[in-house]
Amino acid sequence: MYVVALLIVPLTAVGMFSVNEVSRNNDAAGNALDLAAVLDVDVATSAIYPRLEAERIASLGQVASDAGALRSSTIDFAALRIDAIRGVDTAVEALFEALGDDSATIARFDATRQMLLLERERVAVGMSDVVSVDAAFDQVLFQLDTIVASTERLVDEMRVRASDAASSASDVTLLTAVSRSAQSSVHEVTSLVFGVAPQTPSALADSALRHRDALDAAMPVAPRTIEALHTQREALAWSNAEPDASMQGQLDYLRSVDGAIEAQVVPIQTDITAWADAAQQEDRDTLVVIVRVALASQLVGAVV
């Protein structure tokens, strides 16, 4: 009997430890996957900002050109607008995919998007004006801001539970903030050109400062990428003597931000998912241990 106890008790202890490990790994993997899903929404939402601003610039430019306000411009705003629309629609579809079964959020955003689609048609047939164009884009941005606010709250809550992925989650949110602040910074400048929502010098400075702060905050995450964006942004001083070049510079910057941030966040998202997969693999390995312990226990009992 004493020998049985010497054999059974350690095996039982190992089994109990293994069960606890499975539970811990299950929680860790589940929390990481939940966090990754919310970050997918944050990334998809933020990616729309620079693309939407590029479409707004192209749309405002086309409307102003149709009205004869930009006679000296050589920019083909109509062509730019077609390309920008493709980019926005692709990003919106990615957002819907990231939202998954969140039908309420999708429905709210899509309702506002329908207003933008109508405005696109008005621009295409020359029936719009800069004020209505600007307002349509502001409505979409308001919905995007609402989604971002919701995801940021969820990320903050989930980072506590998914502590192993918390640092990566912070890196993602710092990078996505760059995309959003870039849109706002560019809009403050170009809105003056088209005469919509005139801004005071202090408002322009505040917008530029917020974007600079976002770049500085993201610098430790991707030093070379952020430094390149810093350099490009600092060269974007508006020139009334060369408005076309200045406008093109703003559009080029939005494209740079869009591509650069996407290139940085995708590997981080992949790492979070990979970490969750690794935790699940630990579960499977631990379950194998449990099965072996159970079999060993039965074998010892049968022999003794």
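Look above for the structure.
Draft legend 1. Local environment of the overall build of the protein chain. Scanning the protein chain from terminus to terminus reveals 8 helices and 0 strands. Along the protein chain, helices and strands appear, N-terminal first, in the series α-α-α-α-α-α-α-α. Out of the 304 residues in the protein chain, the part that is buried amounts to 43%. Across the protein chain, every contact between residues at least 6 apart in sequence was considered, and the portion connecting residues at least 24 apart equals 78%. Per element, the accessible surface of the protein chain, about 15300 Å² overall, is 59% carbon and sulfur.

Draft legend 2. Examining the packing of aromatic side chains more closely. Across all of its chains, the model carries 1 aromatic pair by this definition. Between the aromatic rings of Phe96 and Phe109, the centroid separation amounts to 6.0 Å while the plane-to-plane angle is 80°, which identifies the pairing as edge-to-face. Pair noted here: Phe96 is in helix H2 (residues 77-99) and Phe109 is in helix H3 (residues 103-124), with a separation of 13 residues, a long-range link.

Draft legend 3. Main features of the packing of H3 against helix H4 (residues 130-161). Contact geometry of H3 with H4 gives a least axis separation of 9 Å together with a crossing angle of 165°. The pairing of H3 with H4 is recorded here as roughly antiparallel in orientation. Where H3 crosses over H4, the handedness of that crossing is left-handed. Between H3 and H4, the residues in contact are Thr105, Arg108, Phe109, Thr112, Met115, Leu116, Glu119, Arg122 and Val123 and Ser132, Val133, Ala136, Phe137, Gln139, Val140, Gln143, Leu144 and Ile147, respectively. Tallied by class, the residues present in the contact of H3 with H4 amount to 10 nonpolar, 5 polar and 3 charged.

Draft legend 4. Spotlight on empty space enclosed by the protein. In total, this model carries 1 cavity of 30 Å³ or more according to the counting rule given. Reported here for the largest cavity is a volume of approximately 40 Å³. At the level of elements, H2 and H3 are the ones that each hand at least two residues to the lining of the largest cavity. At 4 residues, H3 tops the list of elements feeding residues into the lining of the largest cavity.

About the criteria used
- Within any chain, residue numbers begin from 1 and follow the written order of that chain's sequence.
- This being a predicted model, a pLDDT of at least 70 is required before a residue's local features are given, and a value of 80 or more before pairs of side-chain atoms are given or counted; all residues contribute to the totals for chains, interfaces and linings.
- Excluding hydrogens and water, the side-chain values take into account all heavy atoms of the structure.
- We count a stretch as a helix when DSSP gives it H or I for four or more residues in a row; a strand needs E for two or more, and each element gets its number in order from the N terminus.
- Throughout, exposure labels follow a simple rule: accessible area from a 1.4 Å probe, protein chains only, divided by the maximum for the residue type, with under 20% read as buried, over 50% as exposed, and the rest as partly exposed.
- Whether two residues are in contact is decided by their heavy atoms: any pair within 4.5 Å suffices.
- Each accessible area is a Shrake-Rupley estimate made with a 1.4 Å probe; only the visible protein chains count as cover when residues are assessed.
- Between 30 and 60 degrees the pair is tilted, below 30 it is stacked and above 60 it is edge-to-face, where a pair is any two Phe, Tyr or Trp rings, Trp via its six-membered ring, whose centres lie within 6.5 Å.
- Here the axes come from fitting lines to C-alpha atoms, over the contacting stretch only for helices, and the angles between their N-to-C directions go from 0 to 180 degrees.
- Orientation categories follow fixed angle ranges, with anything under 35 degrees roughly parallel, anything over 145 roughly antiparallel, 65 to 115 roughly perpendicular, and all other angles oblique.
- What makes a crossing left-handed is the near helix being turned counterclockwise from the far one by less than a right angle; a clockwise turn instead makes it right-handed.
- Any residue outside Ala, Val, Leu, Ile, Met, Phe, Trp, Tyr, Cys, Pro, Asp, Glu, Lys and Arg is labelled polar, Gly included; the first ten of those are nonpolar and the last four are charged.
- Two kinds of site are reported from a 1 Å grid over the protein atoms alone, namely cavities, where a 1.4 Å probe fits but cannot get out, and pockets, open sets with protein on both sides within 12 Å along at least five of seven lines, and residues are called lining when an atom falls within 4 Å of a point.
- Grid points are joined across faces, edges and corners, and a volume is the space filled by probe spheres set on the points.

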